[in-house]
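Here are the chains, one letter per residue:
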Amino acid sequence: MRRALVLHHTQQLFILLAGLLAAPALVSAAPIPARGAAWAQACAACHGPDGQSQGAIPALDRLSPEDFRAAMQAFRTEERQGTVMNQIAKGLSETDVEAVTTYFATMQPRRQQ
Ligand code: HEC
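For clarity, every value in this text was computed on a predicted model and none was experimentally measured.

Caption draft 1: Spotlight on the confidence of the model for the protein. When pLDDT is averaged across the protein, the result is 79; 67% of the residues are at 70 or more. The secondary structure element of the protein with the lowest average pLDDT is helix α2 (residues 10–29), at 50, and the one with the highest is helix α5 (residues 85–90), at 97. Taken as a whole, residues 23–30 scores under 50 in pLDDT and shows 0 contacts with residues more than four places along the chain or in a different chain.

And the structure:
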């Protein structure tokens, strides 16, 4: 049954194969946005959804990617002393910082509205 299907749908099979061959490229491109979004979920507990904090904790959607990255690095190196962010920033690898910076950078156009 399956064989007959494949034979009768050679074109679909070809498309499927082409899709499978293209997949590795997609997979290698995916981790950064996925990682950034995953971290942003953790940040949302304090900074609000998509970093749009309304309370005392600073909003993250107002920072430029440069300032965001610099703040994270400063927390990691203790150059900047925070209450909780030093510990949190140290829990992120360089790749995590890049991923989360990139993620929040996509939030930026929203603040200009
Ligand atoms: C437990 C609450 C909490 C969580 C979770 C949290 N933050 Fe923060 N964040 C703060 C507080 C409070 C500050 C102000 C500095 C301080 O006291 O540590 C801050 C400050 C910052 C700043 C500097 C903002 C500015 O305007 O200078 C950045 C950047 C930041 N956080 C990023 C993150 C990222 C990225 C995550 C997720 C990986 C995260 N935070 C998770 C509470 C939190």
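Caption draft 2: Geometry of the site of the ligand. Neighbouring residues of the ligand: 20 residues in total, closest Cys43, Cys46, Gly82, Thr83 and Met85. Counting residues per element, the ones that place at least two in the shell around the ligand are α3 (31–47), α4 (65–76) and α5. Examining the composition of the shell around the ligand, we find that 6 residues originate from one element, α3, more than from any other. Across the shell around the ligand, the residue classes tally to 17 nonpolar, 3 polar and no charged.

Parameters at a glance
Counting starts from 1 at the beginning of each chain's written sequence and moves along it residue by residue. Per-residue local features of the predicted model are confined to residues with pLDDT of at least 70, and side-chain atom pairs are confined, for both listing and counting, to 80 or more; whole-chain, interface and lining totals are unaffected and use all residues. Residue-level confidence of the predictor is what pLDDT reports, using numbers from 0 through 100. In this text, helices come from DSSP runs of H or I with a minimum length of four residues, and strands from runs of E with a minimum of two, each type numbered from the N-terminal end. What counts as a contact here is a pair of residues whose C-beta atoms, placed from the backbone, lie within 7 Å. Near, as applied to residues and a molecule or strand, means the residue's backbone-placed C-beta atom lies within 6 Å of it. Residue polarity is assigned by list, with Asp, Glu, Lys and Arg as charged and Ala, Val, Leu, Ile, Met, Phe, Trp, Tyr, Cys and Pro as nonpolar; anything else, Gly included, falls into the polar class.

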